Amino acid sequence: MASKRHDRAQLNELLYQALETESGGIQIYETAIECAVNADLRDEWQGYLDETRRHHEILTTVLTELGLDPQASSPGRKVVAHIGVSLVKAMRMAMAAGDPQAAELVAAECVVLAETKDHQNWELIGHVAKHSSGKEAATLMEAYEQVEKEEDHHLYHTKGWGRELWIASLGFKAVLPPPEEVKHVETAIGASRAEQARERMLKKN
């Protein structure tokens, strides 16, 4: 049980920012796919793009069910939109420089930056759902349970891709696909264990 009722205005702000994050995420993944050199990574991001489009639909439904206008603006939503546009511009800048591998690295880092915010949004939505009651909590929990594991994949797996692509670019042997992908990581603890296991995986190859 919650010790006190949550701030509804701030929950609305979280939901507006979350929806804008998903909207920007669609553009980010579309651009990142253009940057992908590794075929496995391209396929991975295509799957994440499809899931992000679904997450956007889920959140649009949540806002509507809670009586909010999905098109409404807020100061925080404008900031999130600006960051999303900036990440797309960063990838375009990297592609224009003419080094495909470097652009792929930039894309991985941009995805991680975007997914860090996205992941936190959903953690907070889950927190509200778990510490509230009634129709609002049920609506939030239903959405959270549909999205949570996919958001874990987006963040932790892409962090692994970024690390291994950097290692390869530095001239060292990399684990590709990364350990996070091979071990189907879904938690921060799992991601840490997967990274620690990379040396053993290298020896087997």
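**Student:** It is not clear to me how the pattern of salt bridges should be interpreted in this structure. Could you clarify?
**Tutor:** The tally for this structure, following the rule as stated, stands at 8 salt bridges. Residue Glu-164 pairs with Arg-163 through a salt bridge whose shortest N-O separation is 3.0 Å. Residue classification places Glu-164 among the buried residues on the basis of a relative accessible area of 0%. Glu-180 is the partner of Arg-163 in a salt bridge, and the nearest nitrogen-oxygen pair spans 2.8 Å. Of the two residues, Arg-163 is situated in helix α5 (residues 134-169) and Glu-180 in helix α6 (residues 179-182); the sequence distance between them amounts to 17 residues. In terms of burial, Arg-163 and Glu-180 fall into one category: buried. One continuous salt-bridge network, built from bridges that share partners, spans Glu-30, Asp-50 and Arg-53.

**Student:** Is there a simple way to explain helix α2 (residues 39-65) in this structure?
**Tutor:** Working note: α-helix, 3.6 residues per turn, so residues spaced by three or four point in the same direction. End to end, α2 covers 39 Å across 27 residues, agreeing with the expected 39 Å (1.5 Å per residue, within 8%). Where α2 is buried, its residues meet α1 (8-35), α4 (100-130), α5 and α6. For α2, the side-chain oxygen to backbone nitrogen distance between the N-cap and Asp-40 is 2.8 Å, and the N-cap itself is Asn-38. Where α2 terminates, the next one or two residues include Gly-67, which has phi positive at roughly 80 degrees.

**Student:** I'm lost on the nonpolar core in this one. Help?
**Tutor:** Soluble globular proteins tend to pack their nonpolar side chains together in the buried interior. Counting residues in each nonpolar core, the largest one holds 24 residues, and the members touching the most others are Ile-28, Tyr-29, Ala-32, Trp-45, Met-91, Ala-107 and Val-111. Mapped onto this core, the elements with two or more residues apiece are α1, α2, α3 (75-96), α4 and α5. Top contributing element to this core by residue count: α4, with 7 residues. Not counting chain neighbours up to four residues away, the residues in contact with Met-91 comprise Ile-28, Thr-31, Ala-32, Cys-35, Val-106, Ala-107 and Cys-110. Counting residues in each nonpolar core, the second largest holds 22 residues, with Tyr-16, Ala-18, Leu-19 and Ile-58 among its members.

**Student:** Which parts of the structure should I look at to understand unusual backbone geometry?
**Tutor:** Residues apart from glycine generally show negative phi values, whereas peptide bonds are mostly found in trans. In the segment running from Leu-176 into Pro-177, the intervening peptide bond is cis, with an omega of -5 degrees. Looking at the secondary structure, you find Pro-177 in the loop between α5 and α6.

**Student:** Sorry if this is basic, but what is going on with the packing of aromatic side chains here?
**Tutor:** Within the structure shown, the criterion is met by 1 aromatic pair. Judged by centre distance (6.1 Å) and plane angle (70 degrees), the rings of Tyr-29 and Tyr-48 are edge-to-face. Placement of Tyr-29 in helix α1 and of Tyr-48 in helix α2 is noted, with a sequence separation of 19 residues between them. The same class applies to Tyr-29 and to Tyr-48, which are both buried.

**Student:** Please explain the packing of α4 against α5 as it appears in this structure.
**Tutor:** When two helices pack together, their arrangement is given by the angle between their axes and by how far apart the axes lie. Contact pair α4 / α5: the axes reach a minimum separation of 8 Å and the direction vectors enclose 155 degrees. Relative to α5, the element α4 lies roughly antiparallel. Considering how the two elements wind past one another, α4 and α5 form a crossing that is left-handed. Grouping the amino acids of the contact of α4 with α5 by side-chain chemistry returns 18 nonpolar, 7 polar and 8 charged.

Analysis parameters
- Here, residues in each chain are numbered from 1, in the same order as that chain's written sequence.
- Residue-level local features of this predicted model are given only where pLDDT is at least 70; pairs of side-chain atoms are given and counted only at 80 or more, and the full residue set underlies all totals for whole chains, interfaces and linings.
- The side-chain quantities take in all heavy atoms of the structure and omit both hydrogens and water.
- For this document, the term salt bridge refers to a Lys or Arg side-chain nitrogen within 4 Å of an Asp or Glu carboxyl oxygen.
- Exposure categories follow from relative accessible area, calculated using a 1.4 Å probe and restricted to protein chains: below 20% of the type maximum is buried, above 50% is exposed, and the middle band is partly exposed.
- Helix and strand assignments follow DSSP, with helices taken as H or I runs no shorter than four residues and strands as E runs no shorter than two, numbered in order from the N terminus.
- An expected span of 1.5 Å times one less than the residue number is assigned to each helix.
- The contact criterion used is simple: two residues touch if any of their non-hydrogen atoms lie within 4.5 Å.
- In protein, a polar contact means a hydrogen-donor-capable atom and an acceptor-capable atom, both N or O and within 3.5 Å, with residues adjacent in sequence counting only if both atoms are side-chain atoms; elsewhere, any N or O pair within 3.5 Å suffices.
- In these notes, a set of buried Ala, Val, Leu, Ile, Met, Phe, Trp, Tyr and Cys residues joined through side-chain atoms within 4.5 Å is what counts as a nonpolar core.
- Note on ring pairs: Phe, Tyr and Trp rings are taken, using the six-membered ring of Trp, and paired if centres are within 6.5 Å. Classes follow the plane angle, with under 30 degrees stacked, over 60 edge-to-face and the rest tilted.
- The angle between two axes is taken between their N-to-C directions and runs from 0 to 180 degrees, where each axis is a line fitted to C-alpha atoms and a helix contributes only its stretch in contact.
- The labels follow the angle: roughly parallel below 35 degrees, roughly antiparallel above 145, roughly perpendicular from 65 to 115, and oblique for the rest.
- For any pair of crossing helices, the crossing counts as left-handed if the nearer helix is rotated counterclockwise from the farther one by less than a right angle, and right-handed if it is rotated clockwise.
- Residue polarity follows a fixed list, in which Ala, Val, Leu, Ile, Met, Phe, Trp, Tyr, Cys and Pro are nonpolar, Asp, Glu, Lys and Arg are charged, and the others, Gly among them, are polar.

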